[in-house]
Structure formats: C-alpha cells, structure tokens
Amino acid sequence: MVLDSAIALLILSSNFSRIHQEQLPQPQMVNNSFVIEIVSSIHELYQFKNFVFYISERLALDTEISNDFFHDYWETFPLVPSILMINNNQSMDGYLSTPTLCLIMTTGFDDPIMRLASVGLKGVRSLKTIFIYFPILSSEEYYRNLKEYIGFYETIRRVYGWIWRKQFINCLLVTVDNNIFIHEPYPTLRIINVTSKWNSSTFFVDYSTDFKGYVINSPIRYDLPRVFYMTGPRYGLGKKKPHLSGVSGKLFMVFVDHIKASYNESQTDGHEDDPVDLAETVKMIELKQLEISMNSYTGVIGSNIGNSYPIGINDWCMMVPYRNETPAHMFLQRSFRPYTWYFMCCSIFYIALSLWVVTPPPRRDITMSLLQAICSMLLITPLRIIRGTGARIRLIFVMLFIMGFCFTNLYLTKMASFLTASPDVPQINTMQDVIDAKLPIMITNGEYENMLSKNLSAEFMALMVPVSKGEIDKHRDAFNNSFGYCIQSDRWDFLSLQQRFMKNPIFHLSKICTGPYAHIIPIQRDSHFAKPLQEFIISAFQYGLISHWNHEAFADALYLDYVKVILEDDIVEPLSLTYFRSIWIIWCTGLLLSGLAFCLELEWHLWQQNRERFKKLYQHMRQFKWLKFRK
C-alpha cells in the first residue's frame, strides 16, 4: 500500500516474524469507523502533533486491521506524523512532542503489547491514551450468554486494573459494540460506561486539583529539619492538634489539602521519633507498597524510583569544627605577612651596608652600622646623628627616619586594631587539612558506600566513621565538635541558625563538597501525583512558602529543644605579659646573643692584649740575647 508522502511515518519495529496461530478463539473486531470518529473528535479539541500506535502482534497478522483500519486512518489524518510500535520497546520519553495521542491496540491485560507499551511510555504515561480493546470471545454476541457477558466485563475491570497500576491516568477504552469506558480514579477506582452519552470534552478529566478525598499513606519518621512531629502547638499559638513540622512535612500536608485528598491518620504509629531509613522508604516505593513519601532526600542517593520536582538544590559537604582561637603570642608574627618580614630584615642589612659604605674608612664599624639600622627601623634616634657633620650622613638619616616612621606606625596601627580584628586562623577546608588535623568524620552508611566508589585517598577514608542515621543526628544536631560531619546544604542552613549570634562559630562548612544535587520527594515513577506536585512546588517557591516553612520549622525545633540558639559572653580580657611573648623571646634571644658577642669581644680583646704582651716579651728576649752575644 502506497502512503501519501506528507505522512511522517517512523516504523520502529524490527525483526518482526509471524507467530504461530493456535486453534484459539479469534479477537473480535472493533468498529474502525467508530474509533476514527472518536479520534477525530478528540483531535479537533487538542490538535495532536503525533500519533503513537502500539499494535499487538495478535492483531498485526489480521489483514482486516492492516488494510481497513489504517486505510481509513491515513485518509482521515494524512498530515499527522505517526509512529508504529509492534515489538520494539524503545523509550518515547524525550522523543515525542506534545500534545501526543497514544493508541494501544490490545487483546487483553496480559497481551505482550501492554508490557511493551508500559516500558516504551515510561516517563510519559501522562500522555492522553486510547486503549482499543479487541476481546477474545467465542462469538460477537457476547451479551446473549450471561457467562460470556460477565466474563467480558471482568476483562474490562482487569484491563483498567492494569491501567491504574501503571498510572495511565488520561485514558479511555474503546471496544466491540461501540462501547466506550472511562474511569474515575478518585476517591476509589470506578469504571463508567459512557457509550450512550459520550463527549470528547469529558474523556480526559483533569483531577490534579480535586482528588475527592483520595487517601494517601506515608509513615512519619524523624528527619530534622525536613520532617518531625509536633505533639502540640508552640506557646501563644492556641489549641492545635498534633501536627507535622519541617519543610518537607509542611509541604506534604499542605499539598494534600491543596489537591483535596486526605492523609491516613493511622500512619502515626508511635514511631514518629525514630530516625528515617531512606533505603527502606525507597525500597517500599520501588515495590509499590508506598505511592509517595513525605521524607525528602538529596539526590546523592541513587535510586530507581521516580522523583518530584526539586524542592531545592543541595551540595553535599562536610561541616568541620571552626578554629576560633588566635594565640595572643602569635600576634607579632601575624601582624605582617611573611614577605613583609622578609623585606624588613633585608632592609636592616641593606641600611647597615649603606651606612658602612658611606662612613669614612677610619671610622667604619659594621656592628655600629647594624645597630644604627635597627634604631632607624624602630624609630629610635641614632646616637651618631648627633655627632654627624657630613651633609650626606644627615640626608641618609632623614630618609631612614621617614621609612622607620612609616613601618613603626603601621605596626602600631595593627597592634591597636588587634583587639577588634584578630588575624585569620587557618581553617580546615581541604581533604589534606582533615588528614593533617586527624579529624574523624561521621558519615551515614549509605553515604560511606557512595564515597568508596570515588577512589579517595586511603588516609582520608581511614578517618571516616560510618554510623546509622540516628547516631549521626544525635551528635551533629547537638554540635559535638569532636567530629566533623557529612551534611547537605539545606540541613547546614538550618543548623547554622543556632550560631548566628556568635562572634566566632562552632562549626563552618568546608570546601570538601560534591554536587549540586536535587532535593526531592520520592514518589512512584509516572505517579498521578507528579504533575500536581510539580505545579504546587513551583507555586510554593513563587509565594515564598518554602522560606516561611524553613523559619517556622526552626521555631518548632527550638520549642522542642531539638536545637538551641547559642549565646556567648563577649568579654574583652586585658592584655597580659603572655600577649607579648614574642617580644620577650626576641628580647631574651637578643640578650643571649649580645652577651655571647660581649664575651667573644672580651676574649678577643684579652687575646689581643696577650698577643701584644707575648710579642713584646719575644722582642725583649731577642734583644737581650743579641746584647749578650755581642759581649
């Protein structure tokens, strides 16, 4: 059959072979004209850009389906691109443009095409879908036999049971005898036959803001600051039932109210103070035991389940103790940067050499020049300037005086400002800093397994302390600075509020980070909650609710003593002699060196005197021998 060139037909099936037909009842044919009439009426309303056909192999062998239905279809929709899928499970996620209409031609819920469609449409099952059901019956007149009539409707219920499990929400079912079925999923699944009064505008009902009291289950587990349980109201807030707090907890409960669903209160099972086990939660969702969880998590934990629209973006970092003490005796060294000290030391020797060079040769003394240079640098009036007569010498001393004045005043300014601005203390920021400080880092077991895959240094990994979620919360939330901790950005922003009134914090966030990762709520893939939850989260950001819930969660945690605002007494201590330890060290070293130099000079002077004495004695003896020899 030759098709119009305007049709964009992409056939993705491959290696298709005819299946062996056994002597079984054949599928009953659906009225092709009726199906095309329905598709046409829907197309006029939504103007689809693509049609996707999933065709059962049981039907693909039937020449009536191939030659009749598609012949009428090409004539009715000659310009709409179509995709035919028979035995190819290529994913349509990211491939289809919207709006798209999917048509699944099946012979029952156990037809292999149903599994093929569920795999191929994973991630895009929210697309509008028509199930064209070709029932396998012994005759077309199924309604003449009560047993076959009951069996027919039972298969319809099974098909819709499969549809609900796979979360095909925007769908209808067309079958023999021009029957049309739709379903009302909320509050419980109900199948409705609309054959006698169908209307294309009512086929795909948007339930995203009205779940009609649909019951949602999600256990409550402690995970500060995201989810924790309040047994009563804070002071001044009046009477209030026990309720959830935390950013994720409040978002979840307000979302349930927003879509007019209901939360199953029986989920408060007395384990609300138990720490959350994210691995268990993810497993329950993966096994379809849970549709959605209020306990959000950061995407650093890989999983095979669906995710909500991000609540925020987190980095995964390490919080480490803050080194907030500057040793007072280190002030002299840290008043200037190292290159400044090197420059000052070199300047002393340069000045001393200059003084020695410009001094007349008879009066040159290197030690005196060195002392004069030091006096000039410390703004001490050199004694020699009083006796200096040369203009060159006076000019040099004036220049040295100006340089010494600048250096000394800069030093005094730094010293005066030390009480209000201490020199920075090197903080723990890198993996090498953690290794040098031998700081143990607490980390959850799941995060530790993730770090093992990153091939980090053995020395660094040896400092990791893998513990349970409850154990790390107990130490981290109480700010136990014996350890560092792995933490996500949102949790750090919350906990750091405790030290906002401190001059020097207890912990700071190091530069050991990975990310960014999405902060998400775990839900089933293709969940009927995905679209309304995405719209709700975006609105919550736009209206500032996320920020409001963050501050409210901190107030609630403060009331429950989960956190505390740390205050400190800012007492200015007077300077002690220890403060000038560096000066005392330099002074004592100078005394020792000067004493040693004095002793050496004294020994040198005595040796010179003895040398002269021996020299005179030797000359005297030689003279005496000479006189004696002449006699």
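Remember, predicted model here, so these are calculated numbers, not experimental data.

(A) Structural context of the sheet that holds strand β15 (residues 312-321). Pairing in this open sheet of 6 strands is mixed, and the strands run β13-β19-β15-β18-β16-β17 from one edge to the other. Each of the sheet's edge strands pairs with one partner strand only, and the pair in question is β13 (297-298) and β17 (464-467). Pairing between β13 and strand β19 (residues 507-520): 2 bridges, direction antiparallel. Its bridge partner lying in β19, Tyr-297 is registered against Ile-520.

(B) View of the pairing of strand β7 (residues 179-184). Most of β7 is tucked away, with 5 of its 6 residues classed as buried. One ladder, built from 3 bridges, connects strand β6 (residues 171-175) with β7; its direction is antiparallel. Bridge assignment links Val-174 to a residue of β7, and that residue is Ile-180. The loop that links β6 with its antiparallel partner β7 comprises 3 residues; one of these, Asp-177, has a positive phi angle of about 60°. Bridge count between β7 and strand β8 (residues 190-193): 4 bridges; the pairing is antiparallel.

(C) Structural view of a nonpolar patch on the surface. On the surface, a cluster of nonpolar side chains totalling about 540 Å² of accessible area is made up of Phe-349, Met-368, Leu-370, Leu-371, Ile-374 and Leu-378. When residues of the nonpolar patch are assigned to their parent elements, the largest contribution, 4 residues, is made by helix α10 (residues 366-377). Here Leu-370 falls in the partly exposed class, since its relative accessible area comes to 30%.

(D) Region of interest: the packing of helix α9 (residues 338-358) against α10. The N-to-C vectors of α9 and α10 enclose an angle of 130°; their axes lie 8 Å apart at closest approach. Overall, the two elements α9 and α10 adopt an arrangement that is oblique. Our pair here, α9 against α10, has a crossing hand that is right-handed. Within the contact between the two elements, α9 uses Met-344, Ser-347, Ile-348, Phe-349, Ile-351, Ala-352, Leu-355 and Trp-356 and α10 uses Ile-366, Ser-369, Leu-370, Gln-372, Ala-373, Ile-374 and Met-377. Across the contact of α9 with α10, the residue classes break down as 12 nonpolar, 3 polar and no charged.

(E) Summary view of the state of the cysteines. Applying the stated criterion across every chain, the model contains 1 disulfide. What pairs with Cys-317 in a disulfide is Cys-513, and their sulfur atoms sit 2.0 Å apart. In this structure the cystine formed by Cys-317 and Cys-513 twists about its S-S bond by roughly 115°; its chirality is therefore right-handed. Separated by 196 residues along the polypeptide, Cys-317 in strand β15 and Cys-513 in strand β19 bring together distant segments of the chain. Since its relative accessible area comes to 36%, Cys-513 is described here as partly exposed.

Thresholds, definitions, all that
Residues numbered from 1 in each chain as written. Predicted model: local features only at pLDDT ≥ 70, side-chain atom pairs only at ≥ 80, totals over all residues. Heavy atoms only, no water. Pairing = 2+ DSSP bridges. Helix = DSSP H or I, 4+ residues; strand = E, 2+ residues; numbered from the N terminus. Buried < 20%, exposed > 50% of the residue type's maximum accessible area, 1.4 Å probe, protein only. Patch = residues over 30% accessible without salt bridge, like charges linked within 9 Å, V, L, I, M, F, W, Y side chains within 5 Å. Areas by Shrake-Rupley, 256 points an atom, 1.4 Å probe, with all protein chains shown as cover. Salt bridge = Lys/Arg side-chain N within 4 Å of Asp/Glu carboxyl O. Axes fitted to C-alpha atoms, helices over the stretch in contact; angles between N-to-C directions. Parallel < 35°, antiparallel > 145°, perpendicular 65-115°, else oblique. Left-handed = near helix turned anticlockwise from the far one by under 90°. Contact = heavy atoms within 4.5 Å. Nonpolar A, V, L, I, M, F, W, Y, C, P; charged D, E, K, R; others polar. Disulfide = S-S within 2.5 Å.

From the geometry alone we can't say anything about function, so treat these as descriptive.
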